[in-house]
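Each chain is listed here by its residues.
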Amino acid sequence: EPSGLSGKPAKRAFALVEAGPHGMRVVIGNALARQAGVHAGLALSDAKARLPELVSEPIDREADERALNRLTEWLVRFSPLIAREGDDALMLETTGCDHLFGGEADMAKELISRLNRAGYQPRLAFASTPAAAYALARGGEAVTICKEGEEREHLAGLLMGALRLSPDTCQLLRRFGLTRIGQLYGLDRKALARRFQSAEAAGKVVLRLDQALGLRHEPLTPFRPKPDFSARLSCPEPVASTEAVWEGLRQLTDELCADLTEAGQGARRFSFLAFRGDGGLSVISVRAARPVRTAGHILRLFAERIDKVDPGYGIDLFVLEARLTGSVEAGPMSLSPELSGKVRDDAALSALADRVSARLGDGAVTLRWPVASHLPERAED
């Protein structure tokens, strides 16, 4: 929910509107507007009648899409797995991440503080299922922490809409006297299905309830692929010098290569993320022709692009990610092509291709290997 660049709560009732088949309608309103009864779907004329001082402007969905994508990228500092939910919600898999911030409560404080500074008033919820977290963020307190096994208690008093049900479904449930999620707990599911004309609509209600209570699994579709390996380095104080950025990269590379070695893996794509204190993010990526885990080689690839990292007024977190992992070819290095019986040194050729690609850009170098074939059209002089 936008609150202005200052991050302070808005002082005027405000709503975003959009033209529809029956004129301008409210898409979303801020807290002051909602308190006066201005809700999504309400005609703008009716909203003005309820709240004459309401300020409105047309929604720019393309700009919202870009802003949400940027916010998703920035939130990687809190979790490597982030999924989008609708047009205005994000889900983070925080398992194994919250301890980096001192637990869920401290993680929530850090999230709110940083999002406030960026001009947002977020609503947060931590729960063991994505559906429960979504419902609590929509209908609960500004920050809700629901421990595993407490979903039924926390969800019981929330309105049906928090289960991500359509307005038509919620309206039909209201006709049956069902307005709160807790009213579904003791309801016979066959009886519920008989009240709907469509078995699909009834099944949707049961599905959403089961997902929220953890009775059915709901996978997250990540906005960006989760890295196979990653390492992070927090800075006690924001750093802005090229030397400090390079030192951070060096430390992370050593740590990541140690993890890869322990797992017997190498990687062909590495991404270096530098998070600025002002909310900015710089990302540089390099590729290798074959899986590698040698720190010196990886650093040489990044050396060609390290100047693209913009430190701004200071970087407070570095993250190094590895993707496209695979086994590393093991074996002693040959002293020369003659001794190895090969005309070329494949490892040296791949390393050269990596460095040229790092300087000229991905796709600038193509490696071609001769392959025996009986097809005449594949013959080369």
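**Quick word on the overall build of the protein chain**
Reasoning step 1: Assigned secondary structure in the protein chain consists of 13 helices and 11 strands.
Reasoning step 2: Scored against the burial criterion, the 381 residues of the protein chain give a buried share of 37%.
Reasoning step 3: Here the contacts in the protein chain between residues at least 6 apart in sequence split such that 58% fall between residues at least 24 apart.
Reasoning step 4: If you sum the accessible surface of the protein chain, you get close to 21900 Å²; carbon and sulfur atoms cover 52% of it.

**With respect to empty space enclosed by the protein**
Reasoning step 1: Under the criterion given, the structure shown has one cavity of 30 Å³ or more.
Reasoning step 2: Roughly 60 Å³ of volume is contained in the largest cavity.
Reasoning step 3: Looking at the lining of the largest cavity, the elements that each hand over two or more residues are α8 (189–195) and α9 (199–213).
Reasoning step 4: The element contributing the most residues to the lining of the largest cavity is α9, with three residues.

**Things to note about the packing of helix α10 (residues 242–263) against helix α11 (residues 295–303)**
Reasoning step 1: Running from amino to carboxyl end, α10 crosses α11 at an angle of 145°, the nearest separation of the two axes being 10 Å. Judged by the sense of rotation from one axis to the other, the crossing of α10 with α11 is right-handed. Here W246, L249, R250, T253, D254 and C257 of α10 come into contact with α11, specifically with A295, I298, L299, F302 and A303.
Reasoning step 2: Tallied by class, residues from the contact of α10 with α11 come to eight nonpolar, one polar and two charged.

**So, the side chain of R323**
Reasoning step 1: With respect to the helices and strands, R323 occurs in strand β11 (residues 315–326).
Reasoning step 2: Contact partners of R323, with chain neighbours within four places excluded, come to R224, P225, K226, P227, D228, A267, R268, R269 and S271.

**Notes on the nonpolar core**
Reasoning step 1: F270, F272, F302, V309 and F318 are the most contacted members of the largest nonpolar core, which totals 28 residues.
Reasoning step 2: Those elements that place two or more of their residues in this core are β8 (229–239), α10, β9 (266–276), β10 (281–292), α11 and β11.
Reasoning step 3: Sort the elements by how many residues they give to this core and α10 lands first, with six residues.
Reasoning step 4: In contact with F302, other than residues within four places in its own chain, are W246, L249, F270, S271, F272, I284, V286 and L320.
Reasoning step 5: Counting residues in hydrophobic clusters, the runner-up holds 26 residues, among them L136, F196, V205 and L213.

**Thoughts on the pattern of salt bridges**
Reasoning step 1: Using the criterion set out here, one finds 16 salt bridges in the structure.
Reasoning step 2: We note a salt bridge from E85 to R164, for which the minimum N-O separation is 3.4 Å. Here R164 lies in the loop between α6 (151–155) and α7 (167–175) and E85 lies in strand β4 (residues 82–85), a separation of 79 residues in the sequence.
Reasoning step 3: On the basis of relative accessible area, E85 is assigned to the partly exposed category, the value being 22%.
Reasoning step 4: A residue is classified by how much of its surface remains accessible, and R164, at 13% relative accessible area, is buried.
Reasoning step 5: The partner of D88 in a salt bridge is R138, with the nearest N and O atoms 2.6 Å apart.

**Looking at the sheet that holds β8**
Reasoning step 1: The strand order across the open sheet formed by four strands is β8-β11-β9-β10, and the pairing between neighbours is antiparallel. Two strands close off the open sheet at either side, each with one partner strand: β8 and β10. Sheet twist, expressed as the mean angle between neighbouring strand axes with direction ignored, is 15°.
Reasoning step 2: Summarising the sheet, β9 and β10 pair through eight bridges and their orientation is antiparallel. Bridge pairing in β10 links L273 to V283.

**Some details on the pairing of β9**
Reasoning step 1: For β9, the tally of buried residues reaches nine of 11 residues, placing the bulk of the element in the interior.
Reasoning step 2: Pairing of β9 with β11 involves 10 bridges; the strand directions are antiparallel. In the sheet register, A267 faces β11, and the bridge partner there is T325.
Reasoning step 3: Hairpin connection of β9 to β10: four residues between the antiparallel strands, including G279 at a positive phi of 95°.

**Quick word on the confidence of the model for the protein chain**
Reasoning step 1: Averaged over every residue, the pLDDT of the protein chain is 83; the share at 70 or more is 85%.
Reasoning step 2: Predicted confidence in the protein chain is weakest over helix α12 (residues 337–340), with a mean pLDDT of 50, and strongest over α10, with 93.
Reasoning step 3: Counted against residues more than four places away or in other chains, residues 1–8, with its pLDDT under 50, gives 18 contacts.

**Concerning helix α3 (residues 61–74)**
Reasoning step 1: For α3, spanning 14 residues, the distance from its first C-alpha to its last is 20 Å, which sits close to the expected 20 Å at 1.5 Å a residue.
Reasoning step 2: Listed in full, the buried residues belonging to α3 are L68, L71, T72 and W74. Taken down its axis, α3 places every buried residue within 160° of arc, on the same side. Exposed and oriented more than 90 degrees from the buried face of α3 are E62 and R70.
Reasoning step 3: Contacts made by the buried residues of α3 are with β4, β5 (89–92), α4 (104–117), β9 and β10.

**Quick notes on the packing of aromatic side chains**
Reasoning step 1: If you walk through the whole model with that rule in mind, you get four aromatic pairs.
Reasoning step 2: An aromatic cluster is defined as three or more aromatic residues linked by ring pairs; in this entry it consists of W74, F78 and F101.
Reasoning step 3: The ring of Y185 has R152 sitting right over it, with the charged end atom 4.2 Å from the ring centre.
Reasoning step 4: The side chain of R164 reaches across the aromatic face of Y134, ending 5.4 Å from its centre.

Definitions and cut-offs
- Residues numbered from 1 in each chain as written.
- Predicted model: local features only at pLDDT ≥ 70, side-chain atom pairs only at ≥ 80, totals over all residues.
- Heavy atoms only, no water.
- Helix = DSSP H or I, 4+ residues; strand = E, 2+ residues; numbered from the N terminus.
- Buried < 20%, exposed > 50% of the residue type's maximum accessible area, 1.4 Å probe, protein only.
- Contact = heavy atoms within 4.5 Å.
- Areas by Shrake-Rupley, 256 points an atom, 1.4 Å probe, with all protein chains shown as cover.
- 1 Å grid on protein atoms, 1.4 Å probe; cavity = no way out; pocket = protein on both sides within 12 Å on 5 of 7 lines; lining within 4 Å.
- Points joined across faces, edges and corners; volume = space filled by probe spheres on them.
- Axes fitted to C-alpha atoms, helices over the stretch in contact; angles between N-to-C directions.
- Left-handed = near helix turned anticlockwise from the far one by under 90°.
- Nonpolar A, V, L, I, M, F, W, Y, C, P; charged D, E, K, R; others polar.
- Core = buried A, V, L, I, M, F, W, Y, C linked by side-chain atoms within 4.5 Å.
- Salt bridge = Lys/Arg side-chain N within 4 Å of Asp/Glu carboxyl O.
- Pairing = 2+ DSSP bridges.
- pLDDT = per-residue confidence, 0-100.
- Expected span 1.5 Å × (residues − 1).
- Arc of directions from axis to C-beta.
- Phe/Tyr/Trp six-rings, centres within 6.5 Å; stacked < 30°, edge-to-face > 60°.
- Lys NZ or Arg CZ within 6 Å of the ring centre and 35° of its normal.

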